[in-house]
Amino acid sequence: MPLEVAVRDACSTIGEGPHWDEASQTLYYVDIEDKSVSRWNSATGGVQKIKLEKTIGFVIPSKKGDVIIGLGQTIARLEWDTKTVTVLHEVDQDKSTRFNDAKCDPRGRIWAGTMGLEKQVAVVEKEQGSLYCIDTDGTIKKHLDKVSISNGLAWSADNKTMYYIDSIPRCVYAFDYDIETGTPSNQRVIVQLPPDTEKTLGYPDGMAIDSEGKLWVACFYGGRVTRFDPETGKQIQTVEVPGLRTTSLCFGGKDYDDMFVTCSRHGCTLDELSKFPLSGSIFRVTGLGIKGCPAVMYEG
């Protein structure tokens, strides 16, 4: 697949959470350990960046015109122009965790998960995280606990299935989903990465769904994004990227036929950087012949 660098050296630590904003034709993303959130203008190539005081796990635009961020252990509103931060909720106060990935369901509720703090890259105290839902009325509810590294989320086109990744067990889960109440049930494994693929597929990280209902999973330590059939759990396509620590992806562009892929530079050895000098950049993949689904903003 044709691949180009969209934003060279976008992130100095862990590039994550890409979210394509259709109205402005901009790409939001975070640099977790740099404690920053940025947006890239696809027309001008310009990047605006805001630095804060805690790790930032995700960024999602809100219908009110601001953005919602996972700031340390809090969910907060960030008013972009004034850089004003308003904390909405604090979670996991008895644990050493931080927010990681998040996404909105088709009704505009935010689903956001936490993870244990890393002792070293991809090494955490297991089962310290949780998965939360922030409803459009602003209330928050915990739906899952004993999560190790909460990661990618997606929903089927008929709104009846929610997909979810916990990176450490190397699983993609499916849940039956009640779109009216925002309630998941009947958790099951639909993709289990085999033990002998740890050096090729690494750990499942961020995720997106395409218009054909197939799941695209960023493979941390795999240097690739892999497409899976959720019905069979089988790999059906792979896109290699020049960043070994591939973290996440989203679809964007005017027709949603571009794929934007983030990766991490955090913890890279000199040898790894010599092989993957573009680590920390954001890549754009074109020519897939497949369209993605528009990202949903927070309706609260």
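Residues numbered from 1 in each chain as written. Predicted model: local features only at pLDDT ≥ 70, side-chain atom pairs only at ≥ 80, totals over all residues. Heavy atoms only, no water.

### Considering empty space enclosed by the protein
For clarity, the threshold we go by: Both site types are read off a 1 Å grid over the protein atoms alone. A 1.4 Å probe that fits but cannot get out defines a cavity, while an open set with protein on both sides within 12 Å along at least five of seven lines defines a pocket; lining residues have an atom within 4 Å of a point. Grid points are joined across faces, edges and corners, and a volume is the space filled by probe spheres set on the points. Helix numbering and strand numbering both begin at the N terminus, where a helix is a DSSP run of H or I of at least 4 residues and a strand a DSSP run of E of at least 2.
The tally for this structure, following the rule as stated, stands at 1 cavity of 30 Å³ or more. Of the pockets and cavities examined, the largest cavity occupies roughly 200 Å³. Counting only elements with at least two residues in the lining of the largest cavity, the list comes to strand 10 (97-104) and strand 20 (203-209). Top contributing element to the lining of the largest cavity by residue count: strand 20, with 3 residues.

### Comments concerning the pairing of strand 4 (residues 36-41)
Using the following cut-off: Exposure classes here rest on a 1.4 Å probe applied to the protein chains alone. A residue is buried below 20% of its type maximum, exposed above 50%, and partly exposed in between. Here a strand pair is declared whenever DSSP counts at least two bridges between the two strands.
Of all 6 residues making up strand 4, 5 are buried, and the element is well covered by its neighbours. Looking at chain direction, strand 3 (residues 26-31) and strand 4 are connected through 6 bridges and run antiparallel. What sits directly across from leucine 27, in strand 4, is tryptophan 40. Hairpin geometry of strand 3 and strand 4 is characterised by an intervening segment of 4 residues between the two adjacent antiparallel strands and by a positive phi of about 60 degrees at lysine 35. One ladder, built from 5 bridges, connects strand 4 with strand 5 (residues 47-51); its direction is antiparallel. Bridged to valine 37 within strand 5 is isoleucine 50. With antiparallel pairing between neighbouring strands as the criterion, strand 4 and strand 5 make up a hairpin whose turn holds 5 residues, including glycine 45 at a positive phi of roughly 80 degrees.

### Structural notes on the side chain of aspartate 101
Condition: Any two residues whose heavy atoms approach within 4.5 Å are treated as being in contact.
Within the secondary structure, aspartate 101 is located in strand 10. Dropping the residues within four chain positions of it, aspartate 101 is found in contact with Gly57, Phe58, Trp111, Ala112, Gly113, Ser150, Asn151, Gly152, Gly206 and Ser248.

### Observations concerning the packing of aromatic side chains
What counts here: Aromatic pairs are defined between Phe, Tyr and Trp rings, using the six-membered ring for Trp, whenever the two ring centres lie within 6.5 Å; interplanar angles under 30 degrees are classed as stacked, those over 60 as edge-to-face, and all others as tilted.
Taken as a whole and assessed by the stated rule, the structure comprises 10 aromatic pairs. A centroid spacing of 6.2 Å and a plane angle of 85 degrees characterise the contact between phenylalanine 58 and phenylalanine 99, whose relative ring orientation is edge-to-face. Here phenylalanine 99 lies in strand 10 and phenylalanine 58 lies in strand 6 (residues 56-61), a separation of 41 residues in the sequence. Each member of the pair, phenylalanine 58 as well as phenylalanine 99, carries the same accessibility label: buried. Linked through ring pairs, Trp20, Trp40 and Phe260 together constitute an aromatic cluster.

### With respect to the layout of surface pockets
In this approach a probe as big as a water molecule rolls over the atoms, and the regions it shows empty are the leftover space. For clarity, the threshold we go by: In the scheme used here, Gly and all other residues not listed as nonpolar or charged are polar, with Ala, Val, Leu, Ile, Met, Phe, Trp, Tyr, Cys and Pro taken as nonpolar and Asp, Glu, Lys and Arg as charged.
Here the largest pocket defines a volume of roughly 440 Å³. Lining the largest pocket are 29 residues; nearest its centre among them are Lys103, Cys293, Pro294, Ala295 and Val296. Looking at the lining of the largest pocket, the elements with two or more residues in it are strand 2 (15-21), strand 6, strand 10, strand 16 (150-155), strand 20 and strand 24 (246-252). Partitioning the lining of the largest pocket into residue classes produces 21 nonpolar, 5 polar and 3 charged. Reported here for the second largest pocket is a volume of approximately 150 Å³. What lines the second largest pocket is a set of 13 residues, among which Tyr28, Arg39, Gly65, Asp66 and Val67 lie closest to the centre. Partitioning the lining of the second largest pocket into residue classes produces 6 nonpolar, 2 polar and 5 charged.

### A closer look at the sheet that holds strand 1 (residues 3-7)
We apply this condition: In this description, a line fitted to the C-alpha atoms serves as the axis of each element, helices being fitted only across the stretch in contact, and the angle between N-to-C directions of two axes falls anywhere from 0 to 180 degrees.
Pairing is antiparallel in the open sheet, where 4 strands are placed in the order 1-26-25-24. A single partner strand is all that each edge strand has here, and the edge strands are strand 1 and strand 24. Averaged over all pairs of adjacent strands, the angle between their axes in this sheet comes to 30 degrees, without regard to strand direction. Note that strand 24 and strand 25 (residues 258-263) share 6 bridges and pair antiparallel. In the strand pairing of strand 25, phenylalanine 251 is matched with methionine 259.

### Digging into unusual backbone geometry
Within the chain, glutamine 25 stands out as a residue other than glycine whose phi angle is a positive 55 degrees. Note that glutamine 25 resides in the loop between strand 2 and strand 3.

### Considering the UniProt feature "active site" (unreviewed entry) in the protein chain
Applicable threshold: UniProt positions are given in the numbering used here, feature names are shortened, and annotations may be inferred rather than shown by experiment.
Under the present numbering, the feature "active site" (unreviewed entry) in UniProt falls on Asp205. Following the sequence through the fold, aspartate 205 ends up in strand 20. Aspartate 205 gets classed as buried once you look at its relative accessible area, which sits at 7%.

### Points about the UniProt feature "domain: SMP-30/Gluconolactonase/LRE-like region" (unreviewed entry) in the protein chain
Per the UniProt annotation, the sites labelled "domain: SMP-30/Gluconolactonase/LRE-like region" (unreviewed entry) are residues 14-264. The span residues 14-264 carries 0% helix and 59% strand; its end-to-end C-alpha distance comes to 4 Å.

### Digging into the nonpolar core
Note the threshold: For our purposes a nonpolar core is just a set of buried Ala, Val, Leu, Ile, Met, Phe, Trp, Tyr and Cys residues, chained together by side-chain atoms within 4.5 Å.
Membership of the largest hydrophobic core comes to 28 residues, with the highest contact counts inside it found for Trp216 and Met259. The set of elements that each furnish at least two residues to this core consists of strand 1, strand 3, strand 21 (215-220), strand 24, strand 25 and strand 26 (282-285). Ranked by residues supplied to this core, first place goes to strand 25 with 4 residues. Apart from residues no more than four positions distant in its own chain, methionine 259 is found in contact with Trp216, Val225, Leu249, Cys250, Phe251, Phe283, Arg284, Val285 and Leu288.

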